Amino acid sequence: MVPLEEVKKMELPADVKKKLTLPFEEHFYAGHTACQGCGAALGLRYVLKAYGGKAIFTIPACCSTIIAGPWPYSALNAPLFHTAFETTGAVISGIEAALKAKGYKVKGEDGIMVVGWAGDGGTADIGLQALSGFLERGHDALYIMYDNEAYMNTGIQRSSSTPYGAWTTNTPGGKKHFLEQRPKKKVIDIVIAHKPAYAATASVAYPEDFMKKLKKAQTIKGPAFIQLFAPCPTGWRAPTDKTIELARLAVQTAYFPLFEYENGKYKINMPSPNKEPKPIEEFIKLQGRFKYMTKEDMEILQEWVLREWDELKKKAEIFG
Amino acid sequence: MPKKVVSGNYAAAYAAKHARVEVVAAYPITPQTSIIEKIAEFIANGEVENLQYVPVESEHSAMAACIGASATGARAFTATSAQGLALMHEMLHWAAGARLPVVMVDVNRAMAPPWSVWDDQTDSLAQRDTGWLQFYAENNQEVYDGVLMAFKIGEHEKVNLPVMVVESAFILSHTYDVVDMPEQEEIDEFLPPRKPLYTLTDFENPFSVGALGTPADYYEFRYKIAKAMEEAKKVIKEVGKEFGERFGRDYSQMIELYKTDDAEIVFMGMGSLMGTVKEAVDILRSEGYKVGAAKVRWFRPFPREELYELAKNVEGIAVLDRNFSFGQEGILFNEAKGVLYNTDAKPIMKNYIVGLGGRDITVNDVKAIAKNMKEIIQKGKLDREIEWYHLKR
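Residues numbered from 1 in each chain as written. Chains lettered and ligands numbered in written order. Predicted model: local features only at pLDDT ≥ 70, side-chain atom pairs only at ≥ 80, totals over all residues.

Caption draft 1: The overall build of chain B, seen in detail. Tallying secondary structure elements over chain B gives 12 helices and 16 strands in all. Rg of the C-alpha trace for chain B: 21 Å, near the compact-globule value of 21 Å for 393 residues, within the 12% margin. Reported as C-alpha extents along the three principal axes, the dimensions of chain B are approximately 70 × 50 × 45 Å. Counting every position in chain B, which comprises 393 residues, the buried fraction comes to 54%. (Helix = DSSP H or I, 4+ residues; strand = E, 2+ residues; numbered from the N terminus. Rg over C-alpha atoms; globule rule 2.2 N^0.38 Å. Buried ≥ 20, exposed ≤ 12 C-beta atoms within 10 Å, placed from the backbone.)

Caption draft 2: Up close: the interface of chain A and chain B. Taken together, the 40 residues of chain A in the interface contact 39 residues of chain B. Among the elements of the structure, β1 (55–59), α4 (63–67), β2 (80–82), α5 (88–101) and α7 (128–137) of chain A are those that each provide at least two residues to the side of chain A that touches chain B. At 11 residues, the largest contribution of residues to the side of chain A that touches chain B is made by α5(A). Classifying every residue of the side of chain A that touches chain B by side-chain character gives 21 nonpolar, 14 polar and five charged. Relative to strand β9 (residues 208–209) of chain B, β2(A) runs parallel, the two being bridged by two bridges. Bridge pairing in β9(B) places F81(A) opposite V209(B). (Contact = placed C-beta atoms within 7 Å. Nonpolar A, V, L, I, M, F, W, Y, C, P; charged D, E, K, R; others polar. Pairing = 2+ DSSP bridges.)

Caption draft 3: Region of interest: the pairing of strand β4 (residues 76–80) of chain B. Residues and elements named next belong to chain B. Burial runs high along β4: five of the five residues are buried. Every second residue of β4 is oriented toward a common face, with A76, T78 and T80 on one face and F77 and A79 on the other, all of them buried. Judged from the four bridges that link them, β4 and strand β5 (residues 103–108) form a sheet pairing that is parallel. Residue pairing across strands places T80 opposite D106, the latter belonging to β5. In this fold, β4 hands off to helix α4 (residues 82–97), which returns the chain to β5; that crossover is right-handed. (Right-handed = clockwise from strand over helix to strand, strands pointing away.)

Caption draft 4: Examining the packing of α5(A) against α7(A) more closely. All names here are of chain A. At their nearest, the axes of α5 and α7 sit 6 Å apart, and the two run at 35 degrees to each other. Facing α5, whose interface residues are T88, G89, A90, I92 and S93, α7 presents A130, L131, G133, F134 and R137. By residue class, the composition of the contact of α5 with α7 is five nonpolar, four polar and one charged. (Axes fitted to C-alpha atoms, helices over the stretch in contact; angles between N-to-C directions.)

Caption draft 5: Looking closely at unusual backbone geometry. Cis rather than trans, the peptide bond between A112(B) and P113(B) has omega equal to -10 degrees. One non-glycine residue, I156(A), lies in the positive phi region at around 65 degrees. Here I156(A) shows up in the loop between β4 (142–147) and α8 (187–192). Classification of I156(A) as buried rests on a count of 24 C-beta atoms within 10 Å. In this structure, R20(B) takes a positive phi of about 55 degrees despite not being glycine. With respect to the element layout, R20(B) can be found in the loop between α1 (8–18) and β2 (23–25).

Caption draft 6: Broad picture of the confidence of the model for chain B. On average, chain B scores 97 in pLDDT, and the residues at 70 or more come to 100%. Complex prediction metrics read pTM 0.97 and ipTM 0.97. (pLDDT = per-residue confidence, 0-100.)

Caption draft 7: Representation of helix α13 (residues 295–318) of chain A. Residue and element names in this part refer to chain A. If you check α13, its first and last C-alpha atoms are 35 Å apart, about what 24 residues at 1.5 Å a residue would give, namely 34 Å. Of the positions making up α13, those classed as buried are L301, V305 and L312. Of the surrounding secondary structure, the elements contacted by the buried residues of α13 are β7 (259–262), β8 (265–268) and α12 (280–284). (Expected span 1.5 Å × (residues − 1).)

Caption draft 8: Region of interest: the domain arrangement of chain B. Residues and elements named next belong to chain B. Entries for chain B in the domain assignment read domain 1 (3–247) and domain 2 (255–388). A C-alpha centroid distance of 28 Å is found between domain 1 and domain 2. Taken residue by residue, the interface counts 28 residues in domain 1 and 20 residues in domain 2. Looking at the side of domain 1 that touches domain 2, the elements with two or more residues in it are α5 (122–125), β6 (133–136), β7 (163–168) and α8 (218–247). Class assignment of the residues belonging to the side of domain 1 that touches domain 2 gives a composition of 15 nonpolar, seven polar and six charged. (Domains from an automatic or database assignment.)

Rendered as structure tokens:
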């Protein structure tokens, strides 16, 4: 392995550097312990790139607790506070309050970013109350929910963000066809009900779009929330080289559309929002977690996707 | 020295203000509310600078926000009672584990059901093993002094642990009394700004706090807290002595002894009930009883050495517990008895369970207990080890 000091000294040729669409500097280091093909690790890397290490991270119980590395190591070139499962919203509120009390500049180009980085279980389920409190009180911080659609760190149990028809270890299929029976909880809608300064969905398959949203969250005053779609090959029973393809298909099928909510306005920022979505089957067929679905299950999921997509388009039309 | 007639809760709020707290995150619960109302009033009246008040959506979040603030270098304060404290439980461990000297006032209130808002120590004593220091106040003055000392002790470089200052529901929280409050400059000299062990604003040398500790390391993390608790005993005595020298009220003893020098029987307990006990001691002495009182100020760290010194010279100790551990006995009794087991001090000890859920403890009750203890000592044999003194029969 190349020593860190050497990596830091590496320079790209100027003409290559000019073509880069993401910051070259690396603040998420080798030695992290993510699984192969982990979408969350990729997402965390982009967040660190966006803020150049001048962010205070709060990570509750989730895969990233482990990914960041055990004591005394840390793969993040930024201060990181590990906290209890349900507390991300509250801890970032406390950090922001302390920074303000001590006279630090929070947010803005040269300010400190306060970032909560939590999984879907820690956000949609056990952390929902603290998230709501953070949004409602209007703290100047950013909450990122990286959504891999189940409790992956504990061994693939369903969360309220798990989609209809998915196999997990506590919705295991079997003779009784006991799969996830509820549709994916729309956390982003709950967030928007708080009328936050900024809310958006993003995907690890579209890093430039994600980066733009991270920058926006940095400049807009008030609470910001990003729901980042982060495939988990381990939990989705998918090949590890399909992470980006899966994330892209989730957008192209409108299963996980990309949009922003800012000053009461919705803006869809899909690569091509006017095109008909691809059939959900294309997203599903690459993943072992959906292999127990019947034809009827597939129809139910497809119908849900299109209904939600239609609703979002209407919102963008009315509140665009 | 300015004097104010204030409730126990206002005494706590003034102490937080005078300690120049930077972040207060709190959630309302009876009978704690007037602490946070008063702090909000300080802000509204422009009486405090640089104080961020976070009106969180639960006690769990109150402690979590205080933890975030404290990890960012701020002096953080909160207050709660009973159910709120129980809800915080997980984060109490977190504050101690992350070595953050958050200060909290717990207004002792009975746990439900049945619903009760009255005095009972089981809420705070149930947090015994969380790594928090615990100080029990007898009166409003001690609430005020306790909060000021709590910051200085908890933030001490050898301690770096959170501190709970405990006062009684209504008996102190809502009862007005004269409280001496030193001038702000004097307090600033006693309690300078916090020098944190670490802060999350260190971007030059970023690090993580609370990362996975494997079996190869976790054990030593715990030992360090155990050691800090032992060190805290010395720090408590030093700070208590300094407090006395500066402000005239000495807190160098973790157990306050009252007329115990020649006492045969000593009443031991914590909190506001010890005021009544001292009153009873005076009366009993005038009636010829050789009695004294031992007020345990600090329950954590537990004053083992001071207890031994006391116990080796008395014949009987009546432990008055306004709390109970189901399936065992009163919690202070349990602890005190355990400390003495491996020593040569073997007084007769009896546990009186008193005043649960705010039932009054009167001078007459203490007198009756003295009589019972005297009989036991004369016979040299316990009638029973645990007595539910107030039980309706």
